[in-house]
Amino acid sequence: PTPLAIGLWVPGHFLSLPPTLVMAEDPRVLDLRAVRSHVGCSAPAWERLERSVAALPPTVTSDLLLSWQFTMLPAPAPDWQVWSAAIRALGLFLASPRARDRRSPDPLPDGPAAPARGAAQGRTAQQRQFLGTLASRTPREVVQQLRDSVTATSTRRTYRAGVPLYEASCERAALVPWPPTTHTMEVFAGYLKASGAYLGPAVYWFGVLEEARDRGFQVDLDQRWTSRVVTAMLRGLPAEEQAEPLTLPILRLMGSAVVTEIDFLLLLTLVGALFSCSRADSFVHLSAQDIQDVGPSRVRVVLSGLKGEVRQEIVDPVFDALQVQTSGPWMDIVTSRGPVPLCPVRLFRLLRDKAVSAGAATVAQATYNSLLRRLNHLMTRAGVPTRVPDRRRNLYSMHSTRVAAVCYLLKAGLSPTVISVLCNWSSDQIRRYGARLALDPHLVEAWAFYNPVSMEHSYGVFQGPVASPSAKKRRG
């Protein structure tokens, strides 16, 4: 119905409402009036726009207007240029916090919480804790905390790095960026693929959808269409670049370049990360109290802050002391500041003692950025090549200690199940590293540094020749 047909039915009378009153209460018209100053047109042309929008069904919200076809507007239809300029300005307005606050006021209160009914009737400790939170925390606080926990902080930073790129692509195509539509997302995907700037373009593409949800937009894209777009972005890209293993020969080269105590501490951290099958930056969270003695020749290392974890997971392997080697490939790494032990018990105790004597919060005594910077500087001084042609990323990263540990243990024949537990992995990374060893058998030597005596039954899985089917048949 048009605005002229809207009214109230009273027995014996039909009271028609003036069109100006109907439009004044229409939220879509109110949103358009908020951007009136950004659209240059005459007063009659703007009035036709308001009347046409007010004549649309109430189910057509302001957000749906952004993708509404001009040819589907009811009479009196506005001028096309006026409609295009108004919709562009409306999209920018709807994406602003001011519009969200005015159009959809947050029903969650900020003030003091009202006493919860039955708050004093909590019978169990869990009920009392829950009801106590009801009394002390506002709904807005807990909902915001929940939203912030949907995505890990590091992942959220990566997501948001793609938002300005998305908005720039929309501006290039003269499209309203918010809320995202199949058209805007397809344009962004096209520019991501055409530029070839990122090896993982899908991360930034999905980051736009994550940002849209954080801004309060409900974005529902067809799953099959989304899958096809992502496949198109990835098709033809080079293989994912994996970090190279930080093997003992490279660590010895780095040991020869150690000059300062910071260099020595970095090398201790790298070898400790290798022993624990973890990323080197995991030691940014490892405190001296997390290294615990379990008898005279055993040490437990409590690792937390693991990358990608959802719950506060902890991996706490217990290491047995290894026999001291005075020669051969497993002897201690020699540096100008002293030896770096190739025994997990001696090494972790040395790391703990240094953290305690320095009064440091963590054994690495560094942040993620400073640890990465020190790694690159020490490798450069040691003459270790970190870049090769046709490769975008450095050869070595914080992940290189984990890569080396897995390759050493796989070559030694340790069960992949045990390695997965040590690495806290549920993915197929073990299989991928096994494939690297199969393609390059001389990548590392076999080094059973993880409890070779007490875990002897778990070693030897890959050792020995693989029998052919014919040989199995003959034995059967």
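Residues numbered from 1 in each chain as written. Predicted model: local features only at pLDDT ≥ 70, side-chain atom pairs only at ≥ 80, totals over all residues. Heavy atoms only, no water.

The subject of this paragraph is the overall build of the chain. A tally of regular secondary structure across the chain gives 21 helices and five strands. The buried share of the chain, reckoned over its 476 residues, is 42%. Sequence separation of at least 24 residues holds for 65% of the intrachain contacts in the chain that already meet a minimum separation of 6. Carbon and sulfur atoms provide 56% of the accessible area of the chain, an area that totals close to 26,700 Å². (Helix = DSSP H or I, 4+ residues; strand = E, 2+ residues; numbered from the N terminus. Buried < 20%, exposed > 50% of the residue type's maximum accessible area, 1.4 Å probe, protein only. Contact = heavy atoms within 4.5 Å. Areas by Shrake-Rupley, 256 points an atom, 1.4 Å probe, with all protein chains shown as cover.)

Ranked by internal contacts, the top residues of the largest apolar core, which has 74 residues, are Leu-251, Met-254, Phe-348, Phe-449 and Tyr-450. The set of elements that each furnish at least two residues to this core consists of helix H14 (248–256), helix H15 (261–275), strand S4 (298–301), helix H16 (344–358), helix H17 (368–382), helix H18 (400–411), helix H19 (416–423) and helix H20 (429–439). Here this core gets ten residues from one element, more than from any other, and that element is H15. Once you skip the residues sitting within four places of it in the chain, Tyr-450 turns out to touch Pro-317, Val-318, Phe-319, Leu-409, Leu-414, Val-418, Leu-422, Met-455 and Tyr-459. Counting 22 residues, the second largest nonpolar core, distinct from the first, contains Val-163, Ala-189, Trp-225 and Val-230. (Core = buried A, V, L, I, M, F, W, Y, C linked by side-chain atoms within 4.5 Å.)

Once that is clear, we can look at unusual backbone geometry. A cis geometry characterises the amide bond from Trp-178 onward to Pro-179, with omega recorded as -5°. Backbone geometry places Ala-174, a non-glycine residue, at a positive phi of 55°. Note on placement: Ala-174 falls in the loop between helix H10 (163–172) and helix H11 (182–195). For Ala-174, a relative accessible area of 47% gives the class partly exposed. We note that Asn-451 has phi near 45°; this positive angle belongs to a residue other than glycine. Take Asn-451: it is sitting in the loop between H20 and helix H21 (469–475). Judged by relative accessible area, Asn-451 falls into the buried class, the value being 4%.

Summed over the entire model, instances satisfying the criterion amount to 14 salt bridges. A salt bridge links Arg-279 to Asp-281; the nearest nitrogen and oxygen atoms lie 3.0 Å apart. Among the residues examined, Arg-279 registers a relative accessible area of 15% and is labelled buried. A residue is classified by how much of its surface remains accessible, and Asp-281, at 14% relative accessible area, is buried. Salt-bridge contacts for Asp-332 lead to Arg-346; the nearest nitrogen and oxygen are separated by 3.1 Å. Of the two residues, Asp-332 sits in the loop between strand S5 (318–320) and H16 while Arg-346 sits in helix H16, which places them 14 residues apart along the sequence. (Salt bridge = Lys/Arg side-chain N within 4 Å of Asp/Glu carboxyl O.)

Turning next to the sheet that holds S5. A sheet is described by the order of its strands in space; here three strands give the open sequence S3-S4-S5, paired in antiparallel fashion. The open sheet has two free edges, formed respectively by strand S3 (291–293) and S5, since each of these has just one partner strand. Between one strand axis and the next, the sheet turns by 30° as a mean value, whatever way the strands run. Here S3 runs beside S4; their pairing, made up of three bridges, is antiparallel. Counterpart to Ile-291 in the pairing with S4 is Val-301. (Pairing = 2+ DSSP bridges. Axes fitted to C-alpha atoms, helices over the stretch in contact; angles between N-to-C directions.)

In this fold, Ser-415 is placed in the loop between H18 and H19. By relative accessible area, which is 16% here, Ser-415 ends up buried. Along the primary structure Ser-415 and His-457 are separated by 42 residues, whereas in three dimensions their C-alpha atoms are 9.2 Å apart.

With that settled, the discussion passes to H11. Here H11 is 14 residues long and its end C-alpha atoms lie 20 Å apart, about the 20 Å a rise of 1.5 Å per residue gives. For H11, every residue scored as buried is listed here: Thr-184, Met-185, Val-187, Phe-188, Ala-189 and Leu-192. Where H11 is buried, its residues contact H10, helix H12 (201–214) and helix H13 (223–234). Backbone geometry just downstream of H11 places Gly-196 in the positive-phi region, at approximately 60°. (Expected span 1.5 Å × (residues − 1).)

This paragraph deals with the packing of aromatic side chains. Within the structure shown, the criterion is met by 15 aromatic pairs. Judged by centre distance (4.4 Å) and plane angle (40°), the rings of Tyr-198 and Tyr-204 are tilted. For Tyr-198, a relative accessible area of 27% puts it in the partly exposed group. Here Trp-205 and Trp-225 contribute two aromatic rings whose centre-to-centre distance is 6.1 Å and whose plane-to-plane angle is 45°, an arrangement assigned as tilted. Of the two residues, Trp-205 sits in helix H12 while Trp-225 sits in helix H13, which places them 20 residues apart along the sequence. Exposure remark for Trp-205: the relative accessible area of 0% places this residue in the buried category. Given the relative accessible area of 14%, Trp-225 is considered buried. Counting every residue linked through ring pairs, the aromatic cluster contains Phe-275, Trp-330, Tyr-408, Trp-447 and Phe-449. (Phe/Tyr/Trp six-rings, centres within 6.5 Å; stacked < 30°, edge-to-face > 60°.)

Looking only at H10, the buried set comprises Val-163, Tyr-166, Ser-169 and Cys-170. Within H10, the buried residues cover an arc of 125° as seen down the axis, which keeps them to one side. Looking at H10, the residues exposed on the side facing more than 90 degrees away from the buried face are Glu-171 and Arg-172. Note on H10: the residue one or two positions beyond its end, Ala-174, has a positive phi of about 55°. (Arc of directions from axis to C-beta.)

Two cysteines joined by a covalent bond between their sulfur atoms form a disulfide. Summed over the entire model, instances satisfying the criterion amount to zero disulfides. In this structure Cys-423 is not part of a disulfide, and its nearest cysteine sulfur, from Cys-277, lies 4.6 Å away. With a relative accessible area of 2%, Cys-423 lands in the buried category. (Disulfide = S-S within 2.5 Å.)

Within the secondary structure layout, Arg-436 lies in helix H20. Polar side-chain contacts of Arg-436 include one of 3.3 Å to the backbone oxygen of Ala-243. Among residues more than four places away in sequence, those in contact with Arg-436 are Gln-242, Ala-243, Glu-244, Pro-245 and Val-403. (Polar contact = N/O pair within 3.5 Å; in protein donor to acceptor, adjacent residues only side chain to side chain.)

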